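Structural characterization, general
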There are 2 protein chains.
Amino acid sequence: MTLLQNITVPNLSGERFRVRYHLTGTEDEARANAEHLRNEQTVEFPANLLPKGDLSERIAGQVEGFSPVAGGVFAVTISYAVETVGAELTQLMNVVLSNGSFMSGVRVERLDLPDSLLSVFRGPRFGIEGLRELLGVPDRQLLCTPIKPMGLSPEQLADMTYRLALGGMDLIKDDHGITNLPFCPFEERVQRCVEAVARANRETGLQCLYAANVTAPAHLVLARALFAKNAGAGALLICPATTGFDAARQLADDDRLNLPIIGHPAGGGNFVSGSEARYSHYAFFGQLHRLAGADAVIYMNYGGRFPISEQDGLDAKGGCRDPMGHLKPIFPAPGGGMTLKSIPELREVYGSEAVFVVGGGLHQHGPDLTANVREFLKLMG
Amino acid sequence: MTLLQNITVPNLSGERFRVRYHLTGTEDEARANAEHLRNEQTVEFPANLLPKGDLSERIAGQVEGFSPVAGGVFAVTISYAVETVGAELTQLMNVVLSNGSFMSGVRVERLDLPDSLLSVFRGPRFGIEGLRELLGVPDRQLLCTPIKPMGLSPEQLADMTYRLALGGMDLIKDDHGITNLPFCPFEERVQRCVEAVARANRETGLQCLYAANVTAPAHLVLARALFAKNAGAGALLICPATTGFDAARQLADDDRLNLPIIGHPAGGGNFVSGSEARYSHYAFFGQLHRLAGADAVIYMNYGGRFPISEQDGLDAKGGCRDPMGHLKPIFPAPGGGMTLKSIPELREVYGSEAVFVVGGGLHQHGPDLTANVREFLKLMG
């Protein structure tokens, strides 16, 4: 096509980032899908109309690796010019998997980003070490719990918060569905829960943090976070699958907030669950959340009330803690059906650098919430 | 549990909205999943600890319908108190499917929202009728095309824009992956493309609209949209699966913008593609986009380069155009592999109230883009 002859794209550095995908099908199908994907995620243009040169060889993705993994699954590495992303997380997601999400048998396993691209992202402000410092807990697993059920008033949730903090709970968060509700307005709840935690902390001498849920309309996420900060909240909770990942990044980057960010998985099953999942737990819960600046990321654990495999849990852990350039390691925070009985095994699997999120199991344990927290804490090591 | 005895939730109106899910499995599994889901999406609390009363009977979802659809699929209707949503789209998504996205065999088919809840959302500002008025095209299908491939400069994309508009193209949009790139900065591109369309419109006497892609970091979506508006862009393009749906809603609601919004499906495959898809095309492309204020929604069509069924296409159409309270009907905009040859059949299927999105097929048709547009337009009726 005449329009595209002799196109030179200025100032391409030659630096590329890599995405490892798993493609499912026969080898021929997987090879065809790899070709489709490298084009679809970039130029999205009929290959026969792309002349040789920058568009087809530098802007389009390049297949750099292709190898069988197991029956009918192939690991395919595609590289992309760092300039296709520019400096924006939304655009990184666009290049990693956008229209390709409509193809069959495509799954993002892992991102491999060079320092030049990673440097665009500030990443987690606290990470594992920083969050431990805020909590004054140097070396054991952390315990986290949501306040719920939906339907309670700010006063009732604050009462629950106080009892939990009194027992020594490390992190207390709004349940993800408790946002700004007629029977539980955000501002009143945050103020009351902040007060409840402060009162308990004075009594215990501990540094429990309350995380306010700022999953909110686009124009209110930052405003709610600033309100929470000014009210004295110690952390923020957000559901990136609902708000978009960049809303979390915006919070993490804001120096006025300077608060740890906890990612919540609500809606994340659309991305990671089932045999057709388009993201691995490694990429979604680990890498994307670190790029978005989360300091801990909650995900559904295996053996709970959701069909998640142990490998998925381990993958989430790896994505949170494996080296990733200058981006700090963050806490994997498995939850979703944890009981006192499951803790010993989970300690083995996750080691000490983990947050255990206990909800129903904590309430189920007995009528005295404060005593229950103490029971669970005995098992953290 | 003592904490939850005698809980009364104040001011519950008794109004409820309904979600129809498809649950896959045996009848016993589907019934168990329905119970799990109504709890998980609201109170998220052990059922044995919820005393009778407001929490278990009004705040928790209630299963109102259960019937077999086809082998191993059951249609389950769950109602939720409108107060569990409050007035926020993010929270509506939270209640419709949040942690439930991690369950097996759950799919959101359709939302049924009472006027009291719909009234919280302004919805599409233009809809089908308003967009037709802006374009001055009262009664045929509309034609839309992206400018691409990624790698072109603003000047080159503007040149392409001019040629397309000269042929009579109705809507010209940035490709979804062309956002703010080192070799194609947003502001320069928007200015040049706006000028190109204006020049062509002066020559043709038509009212082609250029839609600027404002898929961007959370703190920049609105700023880019305002820049585009001030530069003279006629519409905005956004990828809700990447930015979050509420970012689109924010744009649609802003009176300073007063521009039609086009939803792009990039990343939407995570929600709607494959046998395990968690949203129907009806709910995702139709209903969620209307709640988010889109005036047209692009989706992958059947028979193109993605594995989409004809039924999915029809479902998207229905979700866009079926009555939905005060929310205007919007244009379904099938794309993703459309050619001149596929148009006659698609005209039959979609009728006149549709936008046909042609990309590669238009370029493939011959070297003269302006002539190609005229060929395609002859088939709109």
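Counting starts from 1 at the beginning of each chain's written sequence and moves along it residue by residue. Think of it this way: whatever chain is written first is A, whatever ligand is written first is 1, and the rest follow in order. For a predicted model such as this one, the threshold for reporting local features is a pLDDT of at least 70, and the threshold for listing and counting side-chain atom pairs is 80 or more; totals across whole chains, interfaces and linings nevertheless cover every residue. To get the side-chain values, take all heavy atoms of the structure and skip hydrogens and water.

1. Remarks on the nonpolar core
Of all hydrophobic cores here, the largest spans 236 residues; its most connected members are A:Phe17, A:Leu291, B:Phe17 and B:Leu291. Only heavy atoms matter for contacts: two residues are in contact if any of them lie within 4.5 Å across the pair. The residues contacting A:Leu291, other than those within four sequence positions of it, are A:Leu89, A:Leu92, A:Leu111, A:Leu113, A:Leu118, A:Phe121, A:Arg249, A:Met324 and A:Leu327. What we call a nonpolar core is a set of buried Ala, Val, Leu, Ile, Met, Phe, Trp, Tyr and Cys residues that are connected through their side-chain atoms within 4.5 Å. When a residue's accessible area, from a 1.4 Å probe over protein chains only, is under 20% of the maximum for its type it is buried; when over 50% it is exposed; and in between it is partly exposed.

2. Describing the pairing of strand β2 (residues 62-70) of chain B
Residues and elements named next belong to chain B. Any two strands with at least two DSSP-identified bridges between them are counted as paired. Counting from the N terminus, the helices are DSSP H or I runs at least four residues long and the strands are E runs at least two residues long. Across 7 bridges, the pairing between β2 and strand β3 (residues 73-81) is antiparallel. Following the sheet pairing, Phe 66 is matched in β3 by Val 76. The antiparallel hairpin formed by β2 and β3 contains 2 residues in its connecting segment, where Gly 72 sits at a positive phi of about 75°.

3. Remarks on empty space enclosed by the protein
A pocket, in this scheme, is an open set of points on a 1 Å grid over the protein atoms alone with protein on both sides within 12 Å along at least 5 of 7 lines, while a cavity is a set where a 1.4 Å probe fits but cannot get out; residues line either one if an atom lies within 4 Å of a point. Grid points are joined across faces, edges and corners, and a volume is the space filled by probe spheres set on the points. Tallying each qualifying case throughout the model produces 7 cavities of 30 Å³ or more. Looking at the lining of the largest cavity, the elements that each hand over two or more residues are α10 (245-253) of chain A together with α9 (240-243) and α10 (245-253) of chain B. Within this model, the second largest cavity holds a volume of roughly 100 Å³. Every residue lining the second largest cavity is counted, 15 residues in all, and those nearest its centre are A:Pro240, A:Ala241, A:Gly244, A:Phe271 and B:Ala241. Elements with a contribution of two residues or more to the lining of the second largest cavity: α9 (240-243) of chain A together with α9 of chain B. In terms of residue count, α9(A) provides more of the lining of the second largest cavity than any other element does, 4 residues in total. For this classification, Asp, Glu, Lys and Arg are treated as charged, while Ala, Val, Leu, Ile, Met, Phe, Trp, Tyr, Cys and Pro are nonpolar and the rest, including Gly, are polar. A breakdown of the residues in the lining of the second largest cavity according to their chemical character gives 10 nonpolar, 5 polar and no charged.

4. Digging into the domain arrangement of chain A
All names here are of chain A. Domain ranges listed in this record stem from an automatic or a database domain assignment. Taken as a whole, chain A is organised into domain 1 (16-118) and domain 2 (127-378). A straight line from the C-alpha centre of domain 1 to that of domain 2 covers 33 Å. Tallying the contact residues gives 17 residues for domain 1 and 18 residues for domain 2. Throughout, the accessible surface (probe 1.4 Å) given up by two parts as they are put together, summed over both, is called the buried area. Both faces considered, domain 1 and domain 2 share a buried interface measuring about 1,500 Å² in area, 61% of it formed by carbon and sulfur atoms. Together, Leu 89, Arg 107 and Leu 118 form the three largest contributors to the area buried by domain 1 at its contact with domain 2, with a combined 38%. Think of a salt bridge as a Lys or Arg side-chain nitrogen and an Asp or Glu carboxyl oxygen that are within 4 Å of each other. The tally of links from domain 1 across to domain 2 stands at 0 salt bridges. Definition of a polar contact: a pair of N or O atoms within 3.5 Å, with one able to donate and the other able to accept a hydrogen when the atoms are protein atoms, and with sequence-neighbouring residues admitted only if both atoms are side-chain atoms. One can count 7 residue pairs in polar contact (both at pLDDT 80 or more) joining domain 1 with domain 2. Of all the secondary structure elements, the ones that give two or more residues to the side of domain 1 that touches domain 2 are α3 (89-96), β4 (106-112) and α4 (115-118). With 6 residues, β4 is the single largest residue contributor to the side of domain 1 that touches domain 2. The class makeup of the residues in the side of domain 1 that touches domain 2 is 11 nonpolar, 2 polar and 4 charged.

5. Some points on the pattern of salt bridges
As a working rule, side chains carrying opposite charge can pair if their charged atoms are close by. All names here are of chain A. Across all of its chains, the model carries 40 salt bridges over all chains by this definition. With its nearest N and O atoms 2.6 Å apart, the salt bridge here joins Arg 18 to Glu 64. With Arg 18 in strand β1 (residues 16-24) and Glu 64 in strand β2 (residues 62-70), this pair connects stretches of sequence that are 46 residues apart. Exposure remark for Arg 18: the relative accessible area of 27% places this residue in the partly exposed category.

6. Notes on the interface of chain A and chain B
How big an interface is tends to be reported as the loss of accessible area on association of its parts. The partner chain B presents 95 residues to the 95 residues of chain A that form the contact. For the pair chain A and chain B, the summed buried surface comes to about 7,500 Å²; carbon and sulfur atoms form 59% of the total. The three residues of chain A that bury the most area against chain B are A:Phe102, A:Met150 and A:Asn270, which together make up 11% of that side's buried surface. Linking B:Arg305 and A:Glu40 is a salt bridge whose minimum nitrogen-to-oxygen distance equals 2.7 Å. The tally of links from chain A across to chain B stands at 36 residue pairs in polar contact (both at pLDDT 80 or more).

7. A closer look at the packing of helix α3 (residues 89-96) of chain B against α10(B)
All names here are of chain B. Here α3 crosses α10 at 150°, and the two axes come no closer than 9 Å. Taken together, the axes of α3 and α10 are roughly antiparallel relative to one another. In this structure, α3 crosses over α10, and the sense of that crossing is right-handed. Residue-level contacts link Leu 89, Thr 90 and Met 93 of α3 to Phe 245, Asp 246 and Arg 249 of α10. Axis definition: a line fit to C-alpha positions, over the contact stretch in the case of helices; interaxial angles, taken between N-to-C directions, run 0 to 180 degrees. Between 65 and 115 degrees an angle is taken as roughly perpendicular, under 35 as roughly parallel, over 145 as roughly antiparallel, and anywhere else as oblique. By the definition used in this description, the sense in which the near helix is turned from the far one sets the handedness, with an anticlockwise turn below a right angle giving left-handed and a clockwise turn giving right-handed.

8. Quick look at the packing of aromatic side chains
Residues and elements named next belong to chain B. Put simply, two rings from Phe, Tyr or Trp (the six-membered ring, in Trp's case) pair if the centres are within 6.5 Å, and we call them stacked under 30 degrees between planes, edge-to-face over 60, tilted for the rest. What the rule picks out here adds up to 27 aromatic pairs over all chains. Between Phe 17 and Tyr 80 the ring centres are 5.4 Å apart and the planes differ by 35°, which places this aromatic pair in the tilted class. You can see Phe 17 sitting in strand β1 (residues 16-24) and its partner Tyr 80 sitting in strand β3, a full 63 residues away along the chain. As far as burial versus exposure is concerned, Phe 17 and Tyr 80 are alike and both buried. Here Tyr 299 and Tyr 350 contribute two aromatic rings whose centre-to-centre distance is 6.4 Å and whose plane-to-plane angle is 65°, an arrangement assigned as edge-to-face. With Tyr 299 in strand β10 (residues 296-300) and Tyr 350 in helix α14 (residues 343-350), this pair connects stretches of sequence that are 51 residues apart. For the pair shown, Tyr 299 and Tyr 350 are each scored as buried. When the ring centre of Phe 66 is taken as origin, the NZ or CZ atom of Arg 31, which lies over that ring, is 3.9 Å away. Placement of a positive charge over a ring is assigned whenever Lys NZ or Arg CZ falls within 6 Å of the ring centre and within 35 degrees of the normal to the ring plane.

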